[in-house]
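Per-entry structural report
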Amino acid sequence: MSVRLTRLLCVALIGACLVTPALAKTHTTKHHAKSAAKSNVPKGPTLIWRGDVATANGVVNEVANAWEKTGHGHIELQPFNTASGIDAVANGSADLAGSARPADNSAQNAQLTFTPVAWDGLVIITQASNPVSNLTLKQVHDIYYGKIHNWSEVGGNNAPIDVYAVASPGDGVEYSLRTLLFGRGNQPVAAPRLYVNTRKLEEGIALNPNGLGVATLAGISGNSKVKAIPVNGKPATVANIADGSYPLFIPLYLVTNPSSPKAAEAQAFVDFLSTEPAKAALRMHAVLPYQDGSALTSMDGARRSRILAEVGAHASKITPVSAPGATYASRVAVAPTSADTQAAKVALENRRAADADTARLNRVAGSVSDVTVSSVGHANGSATTVGQSNGKDFGKVTADASQTSTTYKVIKGDTLSSIAKRHAVEVAKLREWNHLKGDQLKLGQVLRVSNR
């Protein structure tokens with residue numbers, strides 16, 4: 001063997017000796033990484049949670065992380081709205097639901113368990129630039145009831161109040177507010193603009209300085225584009241919710257199905273909400289752990305009676321609507337004590353039956369999860385739209401002015417644009433029908449608002 005060949009063999013052997021430990025180290029590192037990755041996989045089962053966006057933001061996000069860190073398992077979040085969550089738990093496609101309202105006495109809800117796990121506050125929101133700094137409970141009631149139409153009536157700008165609401169009649173946030181203000185969760189309200197959930201509602205109000213709607217304190221936490229208007233001089237804060245001085249506090253619930261194959265695991269997650277790691281997670285989102293607000297339970301009955309007395313309403317014995325599948329569209333938006341209720345209801349139902357074939361969603365934009373309905377008269381399964389009255393007699397307000405009247409009398413604060421939106425017609429059509437050359441209107445002027 002030549003000297004040169006011998007040297008080459010020696011170099012190759014030395015190189016192999018040097019490379020082998022490196023390869024071994026690399027292999028060991030990969031093995032440890034795989035082992036570490038495996039050790040981080042949740043040990044328990046995966047539970048599917050579905051429900052309203054408010055509960056997802058305020059309760060489940062951080063608590064689910066804490067749950068996984070303790071090795072219990074994984075929570076798959078599917079936030080949408082209350083009705084979808086309750087329906088999913090009832091039919092077995094989800095293990096847990098989040099709800100901002102209790103059971104509604106429907107047959108479906110009777111098969112489920114609603115467990116209160118936290119306290120939150122309902123907040124009346126508007127765009128951050130809106131100058132209104134306080135609303136009384138009576139004013140909030142009258143805005144939703146259709147008696148107050150303009151921001152100037154509550155100390156704001158001379159502009160119409162664009163009331164936004166969630167379309168689903170079983171939405172937890174809407175249902176809870178209407179129960180507090182009207183004594184029944186299925187009370188129709190004067191809300192021409194409807195959204196699929198509170199998140200979409202908040203996005204809409206952030207774009208409109210005249211918008212108003214209801215959300216939760218946890219839901220808007222950190223959102224600088226909207227603001228919560230203090231109620232009766234009390235801002236919505238965790239401290240004011242805890243002592244009951246902010247009047248619109250509500251429990252948040254987790255909903256489970258005792259007959260579910262994962263009932264035990266779902267209940268374990270519910271029980272986890274009372275542990276210290278879970279309570280710490282709740283407080284991160286301006287949510288009060290349920291045990292920390294035990295005094296609120298005892299004062300709840302008196303609080304509700306006080307609110308109803310202040311706004312001039314009374315609790316109704318009407319069985320609340322079930323969720324999902326119910327609709328406000330068959331109910332008339334007149335005062336619960338009005339003598340005209342039954343006659344108006346029959347007339348409305350007859351008219352709606354005749355128009356059933358022509359009813360369609362009006363002005364739908366985006367995907368199903370981003371539906372905005374500008375006129376409920378053309379929508380199914382959403383809250384009733386009420387037209388404006390003269391502000392003195394709500395009993396004269398119809399369920400949908402665009403379907404029950406062909407004329408409209410201009411009141412203070414009206415613009416041609418706001419009237420067009422309210423009656424779901426184009427501004428150009430209003431000009432054409434009323435022979436208008438511009439957008440100038442006179443107080444008391446009667447306009448034709450329909451082509452009928």
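Residues numbered from 1 in each chain as written. Predicted model: local features only at pLDDT ≥ 70, side-chain atom pairs only at ≥ 80, totals over all residues. Heavy atoms only, no water.

Turning our attention to the overall build of the chain. When you go through the chain residue by residue, the secondary structure sums to 16 helices and 13 strands. Scored against the burial criterion, the 452 residues of the chain give a buried share of 49%. Considering only residue pairs separated by 6 or more positions, the chain has 72% of its internal contacts joining residues 24 or more positions apart. Roughly 20,700 Å² of accessible area belongs to the chain as shown, and the carbon and sulfur atoms make up 56% of that amount. (Helix = DSSP H or I, 4+ residues; strand = E, 2+ residues; numbered from the N terminus. Buried < 20%, exposed > 50% of the residue type's maximum accessible area, 1.4 Å probe, protein only. Contact = heavy atoms within 4.5 Å. Areas by Shrake-Rupley, 256 points an atom, 1.4 Å probe, with all protein chains shown as cover.)

Summarising burial for strand β5 (residues 162–166): five of the five residues are buried, a large majority. Covered by surrounding structure in β5 are D162, Y164 and V166 together with V163 and A165, the residues of both alternating faces. As paired strands, β5 and strand β7 (residues 211–216) are joined by two bridges and run parallel to one another. Bridged to D162 within β7 is G211. Examined bridge by bridge, β5 and strand β6 (residues 193–195) share three bridges and lie parallel to one another. Residue pairing in the sheet places V166 in a bridge with Y195 of β6. (Pairing = 2+ DSSP bridges.)

This brings us to the nonpolar core. Among the nonpolar cores identified, the biggest contains 80 residues, and I124, L135, Y144, L212, L248 and F269 are the most heavily contacted of them. Of the residues forming this core, the biggest block, eight residues, is contributed by helix α2 (residues 53–69). In this structure, V410, L416, A420 and V449 belong to the second largest nonpolar core, which totals 12 residues. (Core = buried A, V, L, I, M, F, W, Y, C linked by side-chain atoms within 4.5 Å.)

Let's shift gears to the packing of helix α5 (residues 137–145) against helix α6 (residues 172–182). At their nearest, the axes of α5 and α6 sit 10 Å apart, and the two run at 115 degrees to each other. Between α5 and α6, the crossing angle belongs to the class labelled roughly perpendicular. Crossing of α5 over α6 shows left-handed handedness. Two secondary-structure elements touch here, α5 through L137, V140, H141, Y144 and Y145 and α6 through L177, L181 and F182. Here the contact of α5 with α6 is built from residues that sort into seven nonpolar, one polar and no charged. (Axes fitted to C-alpha atoms, helices over the stretch in contact; angles between N-to-C directions. Parallel < 35°, antiparallel > 145°, perpendicular 65-115°, else oblique. Left-handed = near helix turned anticlockwise from the far one by under 90°. Nonpolar A, V, L, I, M, F, W, Y, C, P; charged D, E, K, R; others polar.)

What follows covers the environment of T82. If you trace the backbone, T82 turns up in helix α3 (residues 82–91). The contact partners of T82, leaving out residues within four places of it in the chain, are G51, D52, G98, S99, A100, R101, G170, D171 and G172.

Across all of its chains, the model carries 12 salt bridges by this definition. Of the charged contacts, one joins D292 and R283 as a salt bridge, the two residues approaching to 2.8 Å between their closest N and O atoms. The exposure class of D292 is partly exposed, given its relative accessible area of 36%. Look at R283 and you get partly exposed, because its relative accessible area is 44%. Note that R304 and D300 form a salt bridge whose closest N and O atoms lie 3.0 Å from each other. Separated by four residues within a single helix, R304 and D300 lie in helix α12 (residues 294–311), roughly one turn from each other. Judged by its relative accessible area of 28%, R304 is partly exposed. Three or more residues joined by partner-sharing salt bridges are found here, namely D300, R303 and R304. (Salt bridge = Lys/Arg side-chain N within 4 Å of Asp/Glu carboxyl O.)

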